[in-house]
Amino acid sequence: MGLLVVLALALSAADEQATFKLQSGFRAELVASEPMVQDPVALTFDEEGRIWVVEMRGFMPDVAGTGENEPVGRITILEDTDDDGRADRRTVFLDHLVMPRAIAVTRGGALVVHGNKLWMAHDRDGDGRADNQSLIDPTYMHGGNPEHQANGLLRAMDNWIYSAKSTTRYRRDGERWKKDQTEFRGQWGMTQDDLGRLFYNYNYDQLRADLVPPNAISRNPHNPTTRGINVQVTVDQRVFPAHPTPAVNRGYRPNTLDEKGRLRAVTSASAPLVYRGDLFPAEFRGNVFVCEPAGNLIKRNIVKLVGLRFETVFPYEDLDFFTSTDERFRPVNAHLGPDGAIYVADMYRGIIQHREYITPYLRQQIQSRHLDRPVHLGRIWRVVGPEGRRRGMKPHLGAATDAQLVATLSHANGWWRDTAQRLLVERKARAAIPALLTIALQGKDPLARVHALWTLEALRPGRPERLLSLIKEEDPAVKVAAIRVLESLQVKGLVQSLESLPPSAPPQVLLQVALTLGRFTRGAQGIPVLARIMVAQGADPLVRDAVLSGLAGRELEFLELLLLHVRDETLAPAIQAVASAVVRQAQPVRVERLLALAGNQSGDSMWRARAMLGGLVENMVHLEAKPLRLPRAPAVLDRLERDARLASLVGRARPLLAWPGHEPPAAPTVDRSRKPETADMRTGRETYLASCAPCHGQRGEGIEPMAPPLVGSEWVRGSSERLIRIVLFGMEGPIHVRGEKYEPPRIMPNMPAVEGFVDDVLADTLTYVRSVFGRGATEVETSQVRSVRDETAKRDAPYTEEELLKIK
């Protein structure tokens, strides 16, 4: 227990550096420290090689978070004018900001996030200081707190800018910024690999990724899936700190710390970085580095694509790539530099937990060990490999000609390729189109060809059908990029070209073909090819969902075609998935046809009938809110029920359907004594959207891997006393909702207490939740909230499911 009172004193940058241990001959060199940089949380490089740093100086000035909303944040630009490796010039680009958190450099300025809004800050005279700001999105962030608000601003290869903890993306469209909806991703930081696949993480889950392009697989409302998005890349969450780490938020919980007092698993994983540089040894290319500031370390993951999925290898035994014995070493972000090194933003402070999540245990640790002071320190470190740092690496790409930028698309360092692509797009360099076409069509370097294709996608070349020949390209990466770009450019003849691809094509190619053909299925175009892909690879759920993604409204016709070709029972899940999508259309005539298809099966094909009935039954929750009323009695059910293999399924299906003479059990009446249009309900709705929706979803659908659904949840319909306690104190451990178990990595390991709700606002919020998402739930009275507060006045720990179930 003596470890708990050991002071964690602040060290100079030189002394902190002496606490570092890196693997395989690597070392960390100091680039900048306080006062030149303070509280850095993000960084990036411009085309001149200057470092732009986001300084969140308002974050947790003390253990109570006093002054959090004061305008003390800033964006600074650091330069190394004498090329000695240290920044020696600092320019404040933008000052007096409230909690800035993200930046994306563009020509003439930068996109920045501060005050919960997205701005374009302009530097029109080139002096490194912003002249003015334009508001791009006043709703960039919705509620939450600094640990759960949008951030990142990653300019991806597809020319869109993505954010973690967000469902929006942005793109320059002429003279305006275009905003678009996208899938929810990550918590803090985002990165991409050489082919533009997005990687991100959550504080308890160190690495996730997209296996499919954004906005492709989740577009069919009848097949609501995000499979292929937010995929867990590694299940190994272990960490190996170099010293005891008692000051982690739940260090009091069993198994949080090991027998030596060290953190066992990630608890604040953030800012993954795919290494795409050329300074480290070749085996490091494509590795993903993950910051873990609570453990004062950076992890390394060897990630490989095997088939359609990533596999991860942990490269060290009981070690991590970069560790420190300094408890204030807080690597919160990392970025690839022009020199191929990894640049680390070290927030260097004792407190990194936001006040809303600080447990009494952690508060005692912070105060007794003086971790709350000093503040406003910070360092930028450069991680270099055995070959050391390259000097003279100032890129000066801003002055490069279009031809030079096109040539840079072949650079071995991904930072140079990304920057060259960005500049060509921002310049609207149409004069470069012939050279880009030459690289795309005839180039030797696959990565240069992929970048050239996406640059052409943004520049919109004339006669884009010239790129159709790439459908026959042998390299799968080039072929997939070409298909996506041709789809974006809406090139005529694309479907016909894709129809010629054999089912034996590489799986990643067929996956993209399925996604792309889904854009063209309003008529009969593409559907036969999708059926062939489903027959060939429909046993894979990712391919299955890719095929279904573009069939909205055509699922039944597709099923009829599919049944003509499917003979292998391993495709039963594919048939069930298509049948499920038919049912979710909730069109009685089409469900009747589905049942007729099931009734047409016999003998060895009865497994297909079972799959179709399974598609009906698996939508019980969906149909429960609105039973499906058929125009006539489905006699086929009686016939199917006589088959012992189907009797149970038919019995479960009957209560989901209604027809003349057969009515399902009536749904309970919802108590709506507070109408949605009343002031109380408006308050509840606004509070829910600001504080709860970021994790539970605007429609209560739940957002994995954040929180379970509220719609149809027994926790919402059940005891209001339980709900009040959950909000007041939070909840930890697994929870069961609608018969399913939710626990990490499916959801966060704990729901934090929601602070700041006065009794009537809490009552209004829970009333809104119960009225909208709970069937038959009563309202919550202010007096109930007050009573629970009084009863639990001495409690300071979150609840578990076991505890809550004892409360009636």
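Residues numbered from 1 in each chain as written. Predicted model: local features only at pLDDT ≥ 70, side-chain atom pairs only at ≥ 80, totals over all residues. Heavy atoms only, no water.

With respect to the sheet that holds strand β12 (residues 161-164)
Spatial strand order, β11-β12-β13-β14: four strands in an open sheet with antiparallel pairing. The open sheet is flanked by β11 (151-155) and β14 (176-185), the only strands paired with a single partner. The sheet shows a mean angle of 25° between the axes of neighbouring strands, direction not considered. Examined bridge by bridge, strand β13 (residues 166-173) and β14 share seven bridges and lie antiparallel to one another. The partner of D173 across the bridge, within β14, is R176. (Pairing = 2+ DSSP bridges. Helix = DSSP H or I, 4+ residues; strand = E, 2+ residues; numbered from the N terminus. Axes fitted to C-alpha atoms, helices over the stretch in contact; angles between N-to-C directions.)

As for the pairing of strand β26 (residues 379-384)
By the criterion of burial, β26 is predominantly enclosed, with six of the six residues buried. Along β26, one buried face is formed by R379, W381 and V383 and the opposite face, lined by I380, R382 and V384, is buried too. Here strand β2 (residues 27-33) pairs with β26 via six bridges, running antiparallel. Note on β26: the bridge partner recorded for R27 is V384. As paired elements, strand β25 (residues 342-346) and β26 share five bridges and run antiparallel to each other. Across the sheet, residue Y343 finds its bridge partner in β26, namely R382. (Buried < 20%, exposed > 50% of the residue type's maximum accessible area, 1.4 Å probe, protein only.)

Remarks on the sheet that holds strand β15 (residues 191-192)
Ordered in space as β15-β16-β17-β18, the four strands form an open sheet in which the pairing is antiparallel. Of all strands in the sheet, those bounded by a partner on one side alone are β15 and β18 (231-232). Alignment of strand β16 (residues 198-202) against strand β17 (residues 205-209), held across three bridges, turns out to be antiparallel. Paired with Y200 across the bridge in β17 is R208.

Considering the side chain of R57
In this fold, R57 is placed in the loop between β4 (51-55) and β5 (73-79). In this structure R57 is buried but unpaired, with D39 as the nearest side chain of opposite charge at 4.8 Å. Within polar-contact distance, the side chain of R57 engages the side chain of Q38 at 2.6 Å. For R57, the side chain forms a polar contact with the main-chain oxygen of V72, separated by 3.0 Å. Look past the residues within four positions of R57 in its chain and what remains in contact with it is Q38, D39, V72, G73, R74 and H376. (Lys, Arg positive; Asp, Glu negative; His and termini not counted. Salt bridge = Lys/Arg side-chain N within 4 Å of Asp/Glu carboxyl O. Polar contact = N/O pair within 3.5 Å; in protein donor to acceptor, adjacent residues only side chain to side chain. Contact = heavy atoms within 4.5 Å.)

Description of the confidence of the model for the chain
Overall, the predicted model of the chain reaches an average pLDDT of 90, with 95% of residues at or above 70. Segment residues 668-676: pLDDT under 50, and 22 contacts once partners within four positions in sequence are set aside and those in other chains are kept. (pLDDT = per-residue confidence, 0-100.)

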